[in-house]
Amino acid sequence: MKALLEVSGISVSFDGFRAINNLSFSIGPAELRAVIGPNGAGKTTFMDIVTGKTRPDEGRVLWGEKSVNLLRMNEAQIARAGIGRKFQRPTVFEDQSVAENLMMALKAARAPWKVLVWRPRPADHARVAALAAQVGLADSLTRKSGELSHGQKQWLEIGMLLAQEPRLLLVDEPAAGMTLAEREQTTALLVDLAKTRAVVVVEHDMDFVRRLNCRVTVLHEGSVLAEGSLDHVTADRQVIEVYLGR
Ligand code: ADP
């Protein structure tokens with residue numbers, strides 16, 4: 001099957017330091033992938049390149065059936081092309097309700113150029129309710145977001161990203177700071193989302209990666225060190241050396 005995102009041979013240097021070094025990566029249209037690697041491995045820089053925040057010095061980043069060159073687009077164009085990114089810290093509007101936050105996200109997705117005149121229609125309210133249900137917040141629509149638990153705020157933000165109907169979702173350490181029950185629910189959410197879109201989860205927590213039960217890409221010094229099931233990559237001698245310093 002054709003990849004949704006095809007990254008080949010990208011490199012980028014900062015002041016002579018190669019943060020990304022000849023990295024290739026591809027993901028299918030309905031695939032869940034964990035990207036792991038020690039601090040400084042290049043995980044953030046990789047996501048910055050895919051989302052257009054950082055431009056690589058070399059390499060290619062191709063998107064979708066038509067292999068569109070993402071390196072010709074800016075961040076906003078890439079987001080509109082269908083790539084959503086969730087940063088680690090939730091950035092919801094705390095004094096607004098869950099429904100209001102989702103409606104704002106829908107407004108931004110539906111009418112990015114005429115934000116002041118857009119009025120929600122009944123279908124938009126239904127969409128907000130559906131988004132809330134999708135991320136486990138159906139019973140919290142009228143609650144102020146500031147009253148939500150940390151985990152619920154993370155889900156709300158994922159719901160806000162889903163308003164843009166991304167075909168690829170990049171999620172940075174979604175389980176950090178969550179309770180066990182929240183982590184389980186987050187696992188189920190990510191697995192469910194990856195049935196209909198590509199989801200890349202950047203994660204430090206190996207226990208959480210195990211729960212995701214998906215293909216894993218290990219980054220080290222800006223390159224792919226190993227790829228495969230978690231059992232496969234954790235049995236890899238080079239991966240063991242990198243993680244345990246042996
Ligand atoms: P990770 O997310 O895996 O911890 P990063 O992508 O943040 O790794 O960083 C990879 C390397 O690139 C690190 O050594 C980091 O210090 C360096 N780096 C990242 N961004 C910049 C930048 N804007 N300027 C200089 N060095 C950077």
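This text gives an overview of the structure that appears in the document. Predicted model only: the values in this text are computed from it and were never measured.

Parameters and conventions
Residues numbered from 1 in each chain as written. Predicted model: local features only at pLDDT ≥ 70, side-chain atom pairs only at ≥ 80, totals over all residues. Heavy atoms only, no water. Axes fitted to C-alpha atoms, helices over the stretch in contact; angles between N-to-C directions. Helix = DSSP H or I, 4+ residues; strand = E, 2+ residues; numbered from the N terminus. Parallel < 35°, antiparallel > 145°, perpendicular 65-115°, else oblique. Left-handed = near helix turned anticlockwise from the far one by under 90°. Contact = heavy atoms within 4.5 Å. Nonpolar A, V, L, I, M, F, W, Y, C, P; charged D, E, K, R; others polar. Polar contact = N/O pair within 3.5 Å; in protein donor to acceptor, adjacent residues only side chain to side chain. Pairing = 2+ DSSP bridges.

## A look at the packing of helix α3 (residues 98–110) against helix α5 (residues 150–162)
Step number 1: As a packed pair, α3 and α5 sit with axes 8 Å apart at the nearest point and diverge in direction by 30°. As summarised for this structure, α3 and α5 are arranged roughly parallel, according to the angle between their axes. Where α3 crosses over α5, the two elements pack in a sense that is right-handed. Contact with α3, carried on its side by V98, N101, L102 and A105, involves L156, G159 and M160 of α5 and no other residues of that element.
Step number 2: Of the residues in the contact of α3 with α5, the class split is five nonpolar, two polar and no charged.

## Points about the environment of E203
Step number 1: Mapped onto the secondary structure, E203 falls in the loop between β8 (198–202) and α7 (206–212).
Step number 2: Considered as a pair, E203 and G37 are 166 residues apart in the sequence and their alpha carbons are 8.2 Å apart.
Step number 3: In this structure E203 touches V35, I36, E173, P174, A175, F208 and V209, once residues within four positions along its chain are discounted.
Step number 4: Among the polar contacts made by the side chain of E203, one reaches the main-chain amide nitrogen of D205 at a distance of 3.1 Å.

## Quick word on the sheet that holds strand β10 (residues 223–228)
Working definition: the strands of a sheet are paired by backbone hydrogen bonds and lie parallel or antiparallel to each other.
Step number 1: Reading across the sheet, the six strands line up as β6-β7-β8-β3-β9-β10 and stay open at both edges, with mixed pairing between neighbours. Each end of this open sheet is capped by a strand with a single partner; those strands are β6 (83–86) and β10. Sheet twist, expressed as the mean angle between neighbouring strand axes with direction ignored, is 20°.
Step number 2: Here five bridges tie strand β7 (residues 168–172) to β8, and the two strands are oriented parallel to one another. Note on β8: the bridge partner recorded for D172 is V202.
Step number 3: Together, β3 (32–36), β7 and β8 form the strand contacts of helix α6 (residues 180–193), whose direction differs from that of β8 by roughly 145°.
Step number 4: Helix α9 (residues 237–244) rests against β3, β9 (215–220) and β10 of the sheet, and its axis sits at about 120° to β10.

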